[in-house]
Amino acid sequence: MIETTAPLPSSLLHGVEAAISDALGIANVRHGSALHSLKIPDDVDLAATVYETIAANWLAGDADANKDRSRQNWRWTLQPQIGAENRSPEVVLERAIASACAAAGRTDWTNQIPVASGLILGASDGRRAIDLGQRRGEGHYELIELKIASDTPLFAAVELLGYASLWLLARKYPPVTKPALLAAERVDLRVLAPSAFYTTFDLRGLEYRLHEGVQRLGGCQGVRLSFAFDVLPLTLTTNVLPDGENVLFGLEQRTALHRV
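**Here we look at the overall build of the protein chain**
Here's step 1: Check the secondary structure of the protein chain and you find eight helices and six strands.
Here's step 2: If you list the helices and strands of the protein chain from N to C, you get α-α-α-α-β-β-β-α-β-α-α-β-α-β.
Here's step 3: Expected size for 260 residues packed as a compact globule is a radius of gyration near 18 Å; at 18 Å, the protein chain falls within 12% of this value.
Here's step 4: Taken over the C-alpha atoms alone, the protein chain extends approximately 65 × 45 × 40 Å along its principal axes.
Here's step 5: Taken over 260 residues, the protein chain has a buried fraction of 50%.
Here's step 6: Once local pairs closer than 6 in sequence are excluded, the contacts in the protein chain between residues at least 24 apart make up 73%.
Here's step 7: For the protein chain, the accessible area works out to roughly 12,800 Å², and carbon and sulfur atoms hold 50% of it.
Here's step 8: For the protein chain, the centre of its 25 positive side-chain charges and the centre of its 30 negative side-chain charges are spaced 4 Å apart.

Pasting the structure below:
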């Protein structure tokens, strides 16, 4: 008998969207129509589904053996540079925040946190990164998925659950560099978007189930996790952004879509 070696996963997030779509009985997490009549079965734990899918890819791709191939994963630095051709509203705002923080000497904020570079040989994970992060206190961080008009709240949430799962796995199997972010005791997961990104959907039930799920997931591994949808102030959703100081002031005015 000829033994065949199973191919490496194409990504640590391979199969995540399909697993969530199957669990929810929807065609695609990227379709806004799925949110208009979304019902989450009682036995479905979305956070656990994402984590288990990624953990299986981590094992199949032997990611633990490659955890020290890149020293960039989970770094805490500001990346304010932006290409002249890149006019994505999310990227423009994210880099404006990074630039304002750099000008003000702020070290509590970061952007573009790599999460999976080099972990699976040949995988397409090198550019996967958390949009924004803020250190809220000793051992307390906030990780933010920033959206302006692209994708859907469900897709944004699934992205963020994926990054949280990678954080838990990196914390369990830390690289030799031991980034400070991996030692966090509390992490708040936030989708941050304009009110218009949410208004056509009733997201209260989804938000509650996601919050419950990440609480359980974190509790099993000795950390506190939370999830919520947050709203950008109008000043940060216009085509012409305010100056740096007022960008940072606007960030402080972000509000919760609901109270979890």
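**Brief notes about the packing of aromatic side chains**
Here's step 1: By the definition in use, this model includes five aromatic pairs.
Here's step 2: Geometrically, the ring pair formed by Trp-58 and Tyr-173 is stacked, given 6.0 Å between the ring centres and 25° between the ring planes. Here the residue Trp-58 occupies a position in helix H3 (residues 46-60), and Tyr-173 occupies one in the loop between helix H5 (153-172) and strand E4 (186-193), the gap between them amounting to 115 residues.
Here's step 3: Residue Trp-58 is classed as buried on the basis of its relative accessible area, which comes to 6%.
Here's step 4: Given the relative accessible area of 28%, Tyr-173 is considered partly exposed.
Here's step 5: Measuring from ring centre to ring centre gives 5.3 Å for Trp-76 and Tyr-141, while their planes differ by 75°; the resulting arrangement is edge-to-face. A residue pair is termed long-range when its members are at least 10 positions apart, and Trp-76 in the loop between H3 and helix H4 (89-104) and Tyr-141 in strand E3 (residues 140-146) qualify at 65 residues.
Here's step 6: For Trp-76, a relative accessible area of 22% translates into the label partly exposed.

**Re H5**
Here's step 1: With 20 residues, H5 should reach 28 Å at 1.5 Å per residue; the first-to-last C-alpha distance of 29 Å fits that figure.
Here's step 2: Here H5 lies mainly inside the structure; 18 of its 20 residues are buried.

**Quick notes on the side chain of Gln-134**
Here's step 1: Summarising the element assignment, Gln-134 is placed in strand E2 (residues 129-137).
Here's step 2: The class of Gln-134 is buried, set by a relative accessible area of 5%.
Here's step 3: One polar contact links Gln-134 to Arg-254, side chain to side chain, over a distance of 2.9 Å.

**Considerations on the nonpolar core**
Here's step 1: Ranked by internal contacts, the top residues of the largest apolar core, which has 61 residues, are Trp-74 and Trp-167.
Here's step 2: Among the elements that make up this core, the one with the highest residue count is H5 (14 residues).
Here's step 3: Those residues in contact with Trp-74, other than ones at most four positions away along the chain, are Ile-113, Pro-114, Val-115, Ile-130, Tyr-163, Leu-166, Trp-167, Ala-170, Pro-179, Leu-181 and Leu-182.
Here's step 4: By size, the runner-up hydrophobic cluster in this structure holds 15 residues, among which are Leu-93, Ala-100, Cys-101 and Leu-251.

**Notes on unusual backbone geometry**
For residues that are not glycine, phi is negative in most cases, and the peptide bond is trans in most cases.
Here's step 1: The phi angle at Asp-151 is positive, at roughly 65°, despite the residue not being glycine.
Here's step 2: Summarising the element assignment, Asp-151 is placed in the loop between E3 and H5.
Here's step 3: Of the residues examined, Asp-151 reaches a relative accessible area of 34% and is grouped as partly exposed.

**Observations concerning the packing of H3 against H5**
Here's step 1: Two numbers describe how H3 lies on H5: the axes approach to 9 Å, and their chain directions differ by 55°. In terms of axis orientation, H3 runs oblique to H5. The two elements H3 and H5 cross, and the hand of that crossing is right-handed. For the pair formed by H3 and H5, the contact residues are Leu-46, Ala-47, Val-50, Tyr-51, Ile-54, Ala-55 and Trp-58 on the first element and Leu-161, Gly-162, Ser-165, Leu-166, Leu-168, Leu-169 and Ala-170 on the second.
Here's step 2: Here the residues of the contact of H3 with H5 are counted per class, giving twelve nonpolar, two polar and no charged.

Cut-offs and rules
Residues numbered from 1 in each chain as written. Predicted model: local features only at pLDDT ≥ 70, side-chain atom pairs only at ≥ 80, totals over all residues. Heavy atoms only, no water. Helix = DSSP H or I, 4+ residues; strand = E, 2+ residues; numbered from the N terminus. Rg over C-alpha atoms; globule rule 2.2 N^0.38 Å. Buried < 20%, exposed > 50% of the residue type's maximum accessible area, 1.4 Å probe, protein only. Contact = heavy atoms within 4.5 Å. Areas by Shrake-Rupley, 256 points an atom, 1.4 Å probe, with all protein chains shown as cover. Lys, Arg positive; Asp, Glu negative; His and termini not counted. Charge placed at Lys NZ, Arg CZ, Asp CG, Glu CD. Phe/Tyr/Trp six-rings, centres within 6.5 Å; stacked < 30°, edge-to-face > 60°. Expected span 1.5 Å × (residues − 1). Polar contact = N/O pair within 3.5 Å; in protein donor to acceptor, adjacent residues only side chain to side chain. Core = buried A, V, L, I, M, F, W, Y, C linked by side-chain atoms within 4.5 Å. Axes fitted to C-alpha atoms, helices over the stretch in contact; angles between N-to-C directions. Parallel < 35°, antiparallel > 145°, perpendicular 65-115°, else oblique. Left-handed = near helix turned anticlockwise from the far one by under 90°. Nonpolar A, V, L, I, M, F, W, Y, C, P; charged D, E, K, R; others polar.

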